[in-house]
Amino acid sequence: HVPCVPFENWQFCKISDPPAELKILDPGYLGHLYINWTLPASLRNLNNCFVRFQLQYFDTSENRTTEHSYSAYFNLEKDAHVRVETLISGPCVNGSDELRLHGSKIEDLTCVFYNGEYMDCIWTKKNTKPPHSHYHLYFWHQGMEQAQECPQYIELHRERTGCRLYWPLLLEFTEFNICVNGSAMGLPLQAAYFILQVQNQVKPAPVKALNLEPTMDGQFLLEWAPPEGRVPGHCLEFEVESVAGDTEGPKVLPTFPHTVFRFSPVKSTYQCTSVCLRVRGRVHHFCADRSFWSEWSQALCTPHGAGLITLYSNQIAMLLLLLCPLGGPKHKRSKMKSTDIFSCGSSVVE
């Protein structure tokens, strides 16, 4: 009998020796490549078993064949990823049958690396999935001796929907390989394979330390500090959103590589409003190919009115009263308000 290793609780048999001499050949057809392999040594003299090969390529595409070759189109601007495993059934493995619930693998996997501290990978299931499905996630990168199962599953209604991995188990700037498989009704579900780069999945924490102050030249200065965590501050870029008044919609301003933003209130003769600002961040393209925007920070608003006018109107009025003549038989005391001197209106961001 051939030594046979069940994959999880699957009821088909996979031998430990992988197909030998796996090659990807380029005949010069601009992307149409040939994939060749041979039988593992343990099966070359075996006549009483049925042998099939399971082939995965393009990260998720899957094919099963009894041949020792296959051809497919690849995008030559990207790396070609291919894996082949051997499946056998028949008397040589005590009559084990090759059984799978076809069309049952998960549809998609979304992984988010929160602030460089832990990564949640959530999978999407098909609407036609078998009832009582039970999933497993396995991962491997080049810093590991062998693949490991998810140490902490995420559950919803007592069903596994994802996996949480903390950063000591993760390795950046290398391929991070994931397999999600499972079983239902005593039969195996089809496996789904994914390849990603951890540094491209980062979602920074929200900005918390914001400060909005008036300046002596009649402007406002919004400053903030990068969020705490494992994401380096020099790898972050930020976006500012402003809302002026109750009717004007939000206005997203260009991305800023710095943590300071200066703007001026604009006077209007119609009404007095304030400007509210909030900030969010992400990893810029110098540190990762892509990333997720953080959640928005809490908003800070200018005082109701035209900024410095409101802040300093009392002081200006007092100064003017001191400079005007007070009382006397030939003079009337002047009653001045800040609104008599300055026009007050909606403030917008330049």
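Since we're looking at a predicted model, the values are computed, not measured.

(A) Quick look at the sheet that holds strand E15 (residues 176-184). Taken together, the four strands give an open sheet; going across it, the order is E12-E11-E15-E16, and neighbouring strands pair in antiparallel fashion. Where the open sheet ends on each side, the last strands, each with one partner, are strand E12 (148-149) and strand E16 (187-196). Inspection of the sheet shows strand E11 (residues 134-140) paired to E12 by two bridges, in the antiparallel sense. Paired with Phe 139 across the strands is Gln 148, a residue of E12.

(B) Spotlight on the packing of aromatic side chains. Counting across every chain of the model gives six aromatic pairs. Arranged with centres 5.9 Å apart and planes meeting at 50°, the rings of Tyr 118 and Tyr 166 form a pair that is tilted. Taken together, the positions of Tyr 118 in strand E10 (residues 118-124) and Tyr 166 in strand E14 (residues 159-166) put the pair 48 residues apart, joining distant regions of the chain. The class for Tyr 118 is partly exposed, based on a relative accessible area of 22%. The exposure class of Tyr 166 is partly exposed, given its relative accessible area of 39%.

(C) Focus on the sheet that holds strand E24 (residues 300-301). In spatial order, the strands read E21-E20-E23-E24; together these four strands make up an open sheet with antiparallel pairing. The strands lining the two open edges of the sheet, one partner per strand, are strand E21 (251-252) and E24. Pairing analysis gives nine bridges linking strand E20 (residues 236-244) to strand E23 (residues 275-283), with the strands arranged antiparallel. Its bridge partner lying in E23, Val 240 is registered against Val 279.

(D) Inspection of the confidence of the model for the chain at higher detail. Residues with a pLDDT of 70 or more make up 67% of the chain, whose mean pLDDT is 75. At the low end of the mean pLDDT range in the chain sits helix H2 (residues 338-341), at 31; at the high end sits strand E17 (residues 202-203), at 97. In this model, residues 5-11 is a region of pLDDT below 50 whose contacts with residues beyond four sequence positions or in other chains number 21 contacts. Note that pLDDT drops below 50 for residues 95-99; the model gives that stretch 16 contacts with residues more than four away or on any other chain.

(E) Region of the structure containing the state of the cysteines. In this structure the tally under the stated criterion is four disulfides. Here Cys 235 is linked by a disulfide to Cys 287, with a sulfur-sulfur distance of 2.0 Å. Its S-S torsion of about -75° marks the bond between Cys 235 and Cys 287 as left-handed, since a negative value means left-handed. In this pair, Cys 235 is assigned in the loop between strand E19 (220-224) and E20 and Cys 287 in the loop between E23 and E24, connecting sequence segments 52 residues apart. The buried category is assigned to Cys 235, whose relative accessible area is 8%. Note that Cys 276 is cross-linked by a disulfide to Cys 301, the S-S spacing being 1.9 Å. Note on the Cys 276 and Cys 301 pair: the S-S dihedral is about 105°, so by sign convention the disulfide is right-handed. Of this pair, Cys 276 sits in strand E23 while Cys 301 is found in strand E24, placing the two residues 25 residues apart along the sequence.

(F) Summary view of unusual backbone geometry. Non-glycine residue Glu 21 carries a positive phi angle of around 55°. By the secondary structure assignment, Glu 21 is in strand E3 (residues 20-25). Overall, Glu 21 belongs to the exposed group, its relative accessible area being 51%. A positive phi is found at Arg 158, a non-glycine position, where the angle reads about 65°. Examined against the element boundaries, Arg 158 turns out to sit in the loop between strand E13 (153-156) and E14. Owing to a relative accessible area of 82%, Arg 158 belongs among the exposed residues under this scheme.

(G) Expanded view of the pairing of strand E9 (residues 108-114). Relative to E10, E9 runs antiparallel, the two being bridged by seven bridges. Across the sheet, residue Leu 109 finds its bridge partner in E10, namely Trp 123.

Reading guide: rules and limits
- Residues numbered from 1 in each chain as written.
- Predicted model: local features only at pLDDT ≥ 70, side-chain atom pairs only at ≥ 80, totals over all residues.
- Heavy atoms only, no water.
- Pairing = 2+ DSSP bridges.
- Helix = DSSP H or I, 4+ residues; strand = E, 2+ residues; numbered from the N terminus.
- Phe/Tyr/Trp six-rings, centres within 6.5 Å; stacked < 30°, edge-to-face > 60°.
- Buried < 20%, exposed > 50% of the residue type's maximum accessible area, 1.4 Å probe, protein only.
- pLDDT = per-residue confidence, 0-100.
- Contact = heavy atoms within 4.5 Å.
- Disulfide = S-S within 2.5 Å.

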